[in-house]
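Structural overview
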Amino acid sequence: GSQGTSTDADGKYTLSVPETAKALVFSFVGYDSKEVAIGDQSTINVTLKVNTTGLDEVVVVGYGTQARRDLTGSVASVSGKQIATAPVQSFDQALQGRASGVNITTPNGVLNNPPVIRIRGVNSISLSSGPLIVIDGIPAFSGNSSAVGSVPNNPLSNLNPADIESMDVLKDASATAIYGSRAAGGVILVTTKKGRRGQSHLSYDTWVGWSKPVRLYEVLGAQDYVTIKNEAVRNLNANRKSVGAAATNVEGFKLTDANGVSADTRWYDYIYRTGFAQSHNLNFSGGTEKTTFYSSVGYTDQKGMIVNNAFQRVSARLNVDHKVFSNFSVGMRVGYSNTHNSSPNTGSVGDNSFGSAGLGRVPILLPPNLAPYNPDGTPNASGPSIGAGPNINPATGGPFVIGFINPVVDLAGNRFNSDGSEIQGSVSADWEVIKGLNLRTQYGINNIAFEDQAFYTSLAGTLSNPGGEADNYYRTNKRTNWQNTAQYDRSFNEKHNFSLLLGNEQQTTNVQRWGAVRTGVADPFFTTFQGNFTTITPSGNFQGANYLVSFFGRLNYNFDRKYLATVNVRRDGYSAFAKKYGNFYGASLGYVVSEEGFWKNAAFAQAFSLLKITGSFGKVGNNQGIDDFVSLNTYASGFYGANSTLYFSNAGNPNLAWEVSRKSDIGASFGFLQDRLRGDFSYYNNLVDGLILSVPQAPSKGIPLDRILGNVGSMRNTGVELNLTYNAFQDKAFNWTVSGNVTTLKNRVLSLATEGQRLPTSTGGLETANFTQVGNSAGQILAVKSLGVNPANGQRMIQKADGTVAQYNHSGLGWTNVADGKPTAAPNQLTDGVYYGPVLPTFYGGFDNTFRYKGLDLGLFVQFSGGNYIYNGTKSGLHDQRFWNNEVDIMDRWTETNTNAKWPRVVYTDNVSNGSALVMSSNVEKGDFARLRQVSLGYSIAQPLLERVKVANARIYVQVQNAALLTKYSGIDPEISTNGANNTGAGVDRNSVGQARTYTVGFNIGF
Amino acid sequence: CQPDKLDPKPEILFSDQVVFSSPARIELQANNMYAYVKSGTFLGGRFQIYNDIRANDFINLRSNGVTGTGVWNHTLTETSQNDVINTWGAGYQAINQINVFLDGLDANESKFIAPTFPANYAAKASNYRGEGRLLRALCYYSLLQLYARPYVDGNGSKPGLPLRLNGQKDDKGNDLARSSVGDVYKQILEDLDFAEKNLPLNNGSATLNVTRAHRNTAIALKTRVYLSMAKYDDVIREANKLVPAVGPFVAPTGVPNALNASVAAVFTGTQETTESILSFPFTSQDQPGTQNQAAYYYLPQNGGGNGEYSLNSGAGGILSNAAWAATDARRTSFVLVSGTESYLKKYPTGAPAPYTDKAPVIRYAEVMLNLAEARARTTSGVDPQALLLLNAVRGRSNAAGVYTAAGLTSATALVDAILLERRIEFLGEGIRNIDIMRLNAPIPGKGSISAVNPTDMNYVWPIPFTELATNKLMTRN
């Protein structure tokens, strides 16, 4: 038998031992344990050596913790420190490249838009592929929750990243099965900081930052614009004449208007700025023998690189643990925060990429010969549109009002914001009934209130609503979660170690939203919803309710810490499904080969210090993102004029059941050279079955939304992950650590709802580049094959499926066969398109270098990703021959003297040859990139100096985020995902804004 | 664990089990059939707009793919979302709502008993069936005008539409072949005949007589349908039920639909004169939706719209046609000159939003001109009644411009005069392109856009790829 105790805050301990006791084992997390023979000593003092392998680090797993040494599942850990200084809005944005198997994409450069998180590939098609995020045991809300399309609001930004102790990413079935039904996309467990016994700590962290846009497209200035567009009109007239039609279009693009006013506007200057951000965090923590606490307040105010884009958060946290009796303790975690998001309409969020007011699109599209302001200082406007300026409409000969907004009016008068107010936390009690048996109960809440507002000034209004508009929405997300667990740990004969967990969890979630749109402002004086408007219309009303009940268990067993086994089971009932219950499980085995005697005694053991082999298999489910009432046949109520209606609103499926993932994983952890080189490797295979898909309904059936959800389809993700950390150089003064991770991914769609089905995913409702088809990776790009520009006549050539090469003569002969000049049918994306893909990176990872010389530290962190294709739709718009401005490379267009040109002969109103109206391969590019995501240089003030002023630590640093980007991609940013987190819509770049480069200076001090 | 919590009841959605449980809920569903047909992407706006801008009386000013550029310049493909895909979808969504309701009326008949239901509810249910069948006919007729060859091209033998006549609620039955144009027209007429027999004579209020179908609505639509099939004798037979041989032109039965004294008055105020036989209403809570409103398309920006389309002042456009006199009330009332452009002001409710002009479907003047054309085409020489009807419509807006038998000289000239009058009278009401195509005539060009001949691929719209991808029996145009 054995007995034990723990030390007090000063490291003192007493223990009475029976006379038979021979030795004491001292252990501490993160240190090597040490066995000391008792002999006849009455005082035994030991110093433990720091363990460098990390094997004894504690990993947070579902409903508990485990030593990494005993872990058989796949769990990646990221410490809060690694992300604490990143100038982000939510912690998930800072996880890029930090953990193997976790791919995080920043879809655009708007503050607080939710990153796209994919753990080992896309794991669903219709439901969410995002991971379950659990904060201190309570599942959190995630995903953009703003009702106003222009402004994103990621509820995870309510958690102050500075309060995070660690993030543990559960990846395989063994690790995730305990979360059963919510685990298909993986689980990220976030643990907030705790106080430590006997320590009193006060710290203040701050940074200030500046952000700027990078890689903006270079577009034509006024002179070149006028040249190109008039040439295009001339060519249009020639085309018209060639078919015997009237050629009366006016070369109406001019540099100067009738009053002699001219402009050469760089529209970016009115939309982008140098953003400024600051962050302050103050926390104090400590503890006595009975009570520990951590408390913090935080404030951040971030103004982005886009005018009017801002994020603010005020947060406070109190975490308390209190030992009531020696075997009974209680705890509390509570965080409260207020966030404020504001953003102009960038067209980059909310499926609005083609919006005529999107600021991703406006500066590259607006004619540069239009002025933002009239000579008298008023904005240049014609109704809600920008004024005609000097331009004459080639078709009509009248002033050319183009129907796009003037961004200065938009930015001055319109407002979009989303405010959040969250309380998140729990109370818990732990009772050690008998030695080794611990009962725990935890009751948590997560309540968020969102207030979303849009205001359009009547001075600009919206193009569809020139009278001005104010929209307000109020949403509440309310969740309660109650967990009860019993854990029993027991060892037999000192070799057989068992740990059994049994538990029950119930979670209730209610979401309500109501709102209204008011239009027709009484007077421009009113700039809020509460002002006077002539009409009011309900908008955004929503009600959702769901309930999850679960029973689960886990058994961990190890023999002598050499042979490890874990079995997880979970039974879940979830309200949204017609078939309520699902059973899930995960099992894993591990073998620590290096613990074997033969290994320890072998000659290579010194060099090859650790080898652990693990394997797991299991079945988990997915209910993330399914609508609460989608399995029911329902009717909703609307209007017919002044009367109400009742309409068939959803065709349910009485057999709708869980989406299931079968995950298997084989891995190894290893250590070489006294663990100077450490790493782990794993192979994963994730078969998603019973994918919930909209079984496509013929539109002529008229089923509401043309969809009925069914459990059809399957998909597989396979790949390998490798993590390596190398202490390249370690010395008292100089220290160099290199670490890196890489993950490969092969995604294959195995079956869809019907044979031969092509599942389209549209962008902004106007363009469809992504199609998902069996045998391909999800959402590949279908594009007709462009053979470039015909040197003979400057026409775009497209290869059709039958081998014909067609060329396009706008408003002239149209499509003709290059071979014989005869008319031919227009190429068609569906019949003539070829697939480009995958759009999901086939490899991705990060590479981190840390140098430390005395007080100086230098960090270089590179994130990389590749193997994927991007549909650069922005590029097609940039070469469109309507009145739109063009990228400077349009100057290399075909003319009679420049026959070997990059771009076709320009013909006014031609939107086909450039790809606006036809998805073509010339706008498909490879997306490989390496980004120097973070460079930091810090200086820690030397200890002796600090002690004199009673300071525990102090560090100042400078940092650059997104310092450099290495890519052949011609667009603004290869990470852009215009379709956000859409599983089958990745790899589309359409009018979105790119990521900023941010420079920060920070300081932290601890007492 | 609380098992009932696994079945949360939605607070703003009804179960399909309870929607036929009271007369009030059934009435709500009847309203709903209209609500779907008048979807802004269908007959609440875009359908009418598309059928005007395909032809040559309007000029596209915005080059905006969302507001019909592809329709205007005939470059639609089977993946064109806003027009080809959405119009088809909206039409069939309406058809299915109607079919589901009609099925529900039959399936729940046993519930229609006292005390919940009034004793004479069977008659009320028949009225609803009449409304459903009429609206279904209107949907199929409208879809035919864009997605199928004209009836006269092959006498209805060309591919028409998949005829869905039963409510679709589950995932079965995706595959359904196209019926011929003739068969679809046959069904349309069967539905309209049924509607004529089952609809009430009068709905009891001016608003309901314009916004809900009554017996005259069915008859009026039949005159349009037969005219589209070039079945002129049938047009005459049906129109005679509504149009007396001589003025005053007031329907002798049912709602006293009549030619209003002032055409301007038909399009002002509540737009509920007896001339409007069927129009769809909007309110601030029930708007046509973004970029669907006729006023948004046709009014200039300083007139409350977005100036998407101006009137074509070039050769061939109606604006420059000498037959449309400067003093014509339809010119003085409905043409707004702004800057160098002329715009259509038939839908006056622009700024401030919410664009509550009714969407017109059919009015009495059309029945009169349908009858006039049918008579003109079936009589040799200048048919006196046809001339009378033509002059009644023309003369109310342009008294000095009325035609004389001597001036017209032949049946052909009379027909041409009627077609021209229809262009002027129904400008912006979605009739123009139907009038061209029912004769299998070329769609005239405008500006830099060439004419489209009946033999051209783009004479009719392509079938949306969304249908081709899911309905294996569907065929391309």
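Computed from a predicted model, the values in this text were never measured in an experiment.

1. Describing the overall build of chain A
Scanning chain A from terminus to terminus reveals 10 helices and 51 strands. Relative to its length of 1007 residues, chain A is compact, with a C-alpha radius of gyration of 31 Å against a globular reference of 30 Å. In terms of overall dimensions, chain A has a C-alpha envelope of 115 × 65 × 65 Å along the principal axes. Each of the 1007 residues in chain A was classed as buried or not, and the buried ones make up 59%. For chain A, contacts bridging at least 24 residues in sequence account for 69% of all contacts bridging at least 6.

2. What about empty space enclosed by the protein?
Residue and element names in this part refer to chain A. By volume, the largest cavity is sized at about 520 Å³. Lining the largest cavity are 37 residues, and of these Pro87, Val88, Gln89, Arg933 and Thr998 sit closest to its centre. Looking at the lining of the largest cavity, the elements that each hand over two or more residues are helix H1 (80–83), strand S12 (200–213), strand S13 (275–287), strand S14 (291–303), strand S48 (929–940), strand S49 (953–967) and strand S51 (996–1006). Broken down by element, the residue count for the lining of the largest cavity peaks at 4 residues, all from S12.

3. Structural notes on the sheet that holds strand S46 (residues 869–872) of chain A
Read from one edge of the open sheet, 3 strands run S47-S46-S50 (chain A), paired in mixed fashion. The open sheet has two free edges, formed respectively by strand S47 (924–926) and strand S50 (988–989) of chain A, since each of these has just one partner strand.

4. Focus on the packing of aromatic side chains
According to the stated counting rule, one finds 58 aromatic pairs over all chains in the structure shown. Taking the centre distance of 6.0 Å and the plane angle of 80 degrees together, the rings of Tyr296 of chain B and Tyr297 of chain B count as edge-to-face. Residue classification places Tyr297 of chain B among the buried residues on the basis of a relative accessible area of 0%. A cation sits over an aromatic face here: Arg518 of chain A above Phe529 of chain A, 5.9 Å from the ring centre. Directly above the ring of Phe648 of chain A sits Lys169 of chain B, whose terminal nitrogen or CZ lies 5.3 Å from the centroid.

5. As for the pairing of strand S15 (residues 310–325) of chain A
Residues and elements named next belong to chain A. The pairing of S14 with S15 spans 13 bridges and is antiparallel. Bridge pairing in S15 links Val297 to Ala316. In textbook terms, the turn of a hairpin is the stretch between consecutive antiparallel strands, and for S14 and S15 this stretch comprises 6 residues, one of which, Asn308, has a positive phi near 75 degrees. Judged from the 15 bridges that link them, S15 and strand S16 (residues 328–342) form a sheet pairing that is antiparallel.

6. Some words on unusual backbone geometry
Glycine aside, negative phi is the norm for most residues, and most peptide bonds take the trans geometry. Residues and elements named next belong to chain A. Here the amide bond leading from Gly837 into Pro838 is cis, since omega sits at 5 degrees, within 30 degrees of zero. Structurally, Pro838 can be placed in the loop between strand S43 (833–836) and strand S44 (843–853). Residues other than glycine seldom take positive phi values, yet Asn308 does so here, at roughly 75 degrees. The topology assignment puts Asn308 in the loop between S14 and S15.

7. Details of the side chain of Arg62 of chain B
Residue placement: Arg62 of chain B occurs in the loop between strand S2 (58–60) and helix H3 (69–72). Within the buried core, Arg62 of chain B has no salt-bridge partner, and the shortest N-O distance to an opposite charge, that of Glu308 of chain B, equals 4.7 Å. Here the side chain of Arg62 of chain B touches Val401 of chain A through a polar contact of 2.3 Å, landing on its backbone oxygen. Separated by 3.0 Å, the side chain of Arg62 of chain B and the backbone oxygen of Asn306 of chain B make a polar contact.

8. Quick word on the packing of helix H13 (residues 364–378) of chain B against helix H16 (residues 411–425) of chain B
All names here are of chain B. Closest axis-to-axis distance for the H13/H16 pair is 9 Å, and the angle between their directions is 165 degrees. By the angle between their directions, the pair H13 and H16 is classed as roughly antiparallel. Here H13 and H16 pass one another in a crossing that is left-handed. Here Ala365, Glu366, Leu369, Asn370, Ala372, Glu373, Ala376 and Arg377 of H13 lie close against H16, whose contacting residues are Ala411, Leu414, Val415, Ile418, Leu419, Arg422 and Glu425.

9. Section: the pattern of salt bridges
Applying the stated criterion to the full structure yields 67 salt bridges over all chains. Asp572 of chain A serves as the salt-bridge partner of Arg570 of chain A, at 2.9 Å between the closest nitrogen and oxygen. Considered together, Arg570 of chain A and Asp572 of chain A belong to a single accessibility category, that of buried residues. Glu131 of chain B serves as the salt-bridge partner of Arg212 of chain B, at 2.6 Å between the closest nitrogen and oxygen. Of this pair, Arg212 of chain B sits in the loop between helix H7 (206–211) and helix H8 (215–228) while Glu131 of chain B sits in helix H5 (residues 121–147); the two residues are 81 residues apart in sequence, bridging distant segments of the chain. Glu131 of chain B shares its class with Arg212 of chain B; the two are buried. A single salt-bridge network, built from bridges that share partners, covers Glu275, Asp328, Arg330, Lys346, Arg363, Arg394, Arg396, Glu421, Glu425 and Glu429 of chain B.

10. Let's talk about the environment of Ala238 of chain A
Mapping Ala238 of chain A onto the fold places it in helix H3 (residues 222–242). With 691 residues separating them along the chain, Ala238 of chain A and Phe929 of chain A place their C-alpha atoms 44 Å apart.

11. Observations concerning helix H1 (residues 23–37) of chain B
A rise of 1.5 Å per residue sets the reference length of H1 of chain B, with its 15 residues, at 21 Å; its end C-alpha atoms lie 22 Å apart and thus fit the reference within 8%. Residues of H1 of chain B that are buried make contact with strand S28 (634–640) and strand S29 (643–650) of chain A together with helix H4 (81–107), H5, H7 and strand S3 (276–280) of chain B.

12. Things to note about the interface of chain A and chain B
Contacts between the two partners involve 83 residues from chain A, matched on the other side by 82 residues from chain B. Summed over both sides, the interface of chain A with chain B buries roughly 6600 Å², with 57% coming from carbon and sulfur. It is Tyr635, Tyr640 and Leu646 of chain A in chain A that bury the most area against chain B; as a group they hold 13% of the surface buried on that side. On the surface where chain A and chain B come into contact, there are 1 salt bridge. For the salt bridge of Lys580 of chain A with Asp7 of chain B, the shortest nitrogen-to-oxygen distance reads 3.2 Å. Here chain A and chain B share 29 residue pairs in polar contact (both at pLDDT 80 or more) between them.

Calculation rules
- Residues numbered from 1 in each chain as written.
- Chains lettered and ligands numbered in written order.
- Predicted model: local features only at pLDDT ≥ 70, side-chain atom pairs only at ≥ 80, totals over all residues.
- Heavy atoms only, no water.
- Helix = DSSP H or I, 4+ residues; strand = E, 2+ residues; numbered from the N terminus.
- Rg over C-alpha atoms; globule rule 2.2 N^0.38 Å.
- Buried < 20%, exposed > 50% of the residue type's maximum accessible area, 1.4 Å probe, protein only.
- Contact = heavy atoms within 4.5 Å.
- 1 Å grid on protein atoms, 1.4 Å probe; cavity = no way out; pocket = protein on both sides within 12 Å on 5 of 7 lines; lining within 4 Å.
- Points joined across faces, edges and corners; volume = space filled by probe spheres on them.
- Pairing = 2+ DSSP bridges.
- Phe/Tyr/Trp six-rings, centres within 6.5 Å; stacked < 30°, edge-to-face > 60°.
- Lys NZ or Arg CZ within 6 Å of the ring centre and 35° of its normal.
- Lys, Arg positive; Asp, Glu negative; His and termini not counted.
- Salt bridge = Lys/Arg side-chain N within 4 Å of Asp/Glu carboxyl O.
- Polar contact = N/O pair within 3.5 Å; in protein donor to acceptor, adjacent residues only side chain to side chain.
- Axes fitted to C-alpha atoms, helices over the stretch in contact; angles between N-to-C directions.
- Parallel < 35°, antiparallel > 145°, perpendicular 65-115°, else oblique.
- Left-handed = near helix turned anticlockwise from the far one by under 90°.
- Expected span 1.5 Å × (residues − 1).
- Buried area = accessible area lost by both parts, 1.4 Å probe.

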